[in-house]
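In case you want the letters, here they are:
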Amino acid sequence: VDRTSMFEHRSTYPVTVTLKRSMHSLFRHPTLFTMNLTKQTMKTAERSLLIIALLGFGMKMLHLPTAAIVLTIGSVLLATLYFLRGKTMIPETNRDRSHLPIITLGSVSLGVSVLALLLKVQHWPFATSFALLGVVLCAATIFAVTTSRKPSPRETFKRLLLRVVPALLLVGVVALMPFI
């Protein structure tokens, strides 16, 4: 028996099984819209994508070669996460349809704000207009949350405001600066 063929056979077997298991789990969730995203998964994904976007921003400030790619990928994925997040922000026990418009407005305002920052940093056309749209949407979200007369899920609105208020401040400052 050839020892190299036995060694190669043993080393490729676990990889094949792992690939088959990962492909099976990939096809079990065909789209992002049907994924069962838990709160911990969303928090981890948000933090990871935020770190990637901030890393890309820092690389852009240092004029490193791949900065635009890292910044674009991190920001677009973070904006996509925020757009899809409205569905998972409401706790399962409190799935009241009356809060859905406010949470949807909040997730859209966060997504638009992240994309506005990306456009402004990359110096793309109409970046200031997009940033102003982000400011208006964030302000509308804060107004809707603070003036809501329906019994509100405090934890959900608190998490929403903890993300929208810094986005409003950041996009507001960037929208007013013409040369950033």
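For every chain, the first residue of the written sequence is number 1, and numbering continues from 1 onward in sequence order. For a predicted model such as this one, the threshold for reporting local features is a pLDDT of at least 70, and the threshold for listing and counting side-chain atom pairs is 80 or more; totals across whole chains, interfaces and linings nevertheless cover every residue. Calculation of side-chain values draws on the structure's entire complement of heavy atoms; hydrogens and water are dropped beforehand.

Overview of the layout of surface pockets
Every definition here rests on a 1 Å grid over the protein atoms only: cavities are sets of points where a 1.4 Å probe fits but cannot get out, pockets are open sets enclosed by protein on both sides within 12 Å along at least five of seven lines, and lining residues have some atom within 4 Å of a point. Grid points are joined across faces, edges and corners, and a volume is the space filled by probe spheres set on the points. Computed from the structure, the largest pocket encloses a volume of approximately 770 Å³. Along its surface, the largest pocket is lined by 28 residues, and Leu-50, Leu-78, Val-114, Leu-117 and Leu-170 are the ones closest to its centre. Of all the elements in the fold, those that place two or more residues in the lining of the largest pocket are helix 2 (39-61), helix 3 (67-89), helix 4 (100-121) and helix 6 (154-176). Ranked by residues supplied to the lining of the largest pocket, first place goes to helix 2 with nine residues. Under the scheme used here, helices are H or I runs from DSSP no shorter than 4 residues and strands are E runs no shorter than 2 residues, and both carry numbers assigned from the N terminus.

Thoughts on the environment of Val-112
Here Val-112 shows up in helix 4. Buried, partly exposed and exposed residues are distinguished by accessible area as a fraction of the type maximum, computed with a 1.4 Å probe on protein chains only: under 20%, between the cut-offs, and over 50%, respectively. For Val-112, a relative accessible area of 8% corresponds to the buried category. The spatial distance from the C-alpha of Val-112 to the C-alpha of Phe-130 is 7.6 Å, given a sequence separation of 18 residues. Contact criterion: two residues are considered in contact whenever any of their non-hydrogen atoms come within 4.5 Å of each other. When near neighbours in sequence (up to four residues on either side) are disregarded, Val-112 contacts Phe-83, Phe-130, Leu-133, Gly-134 and Leu-137.

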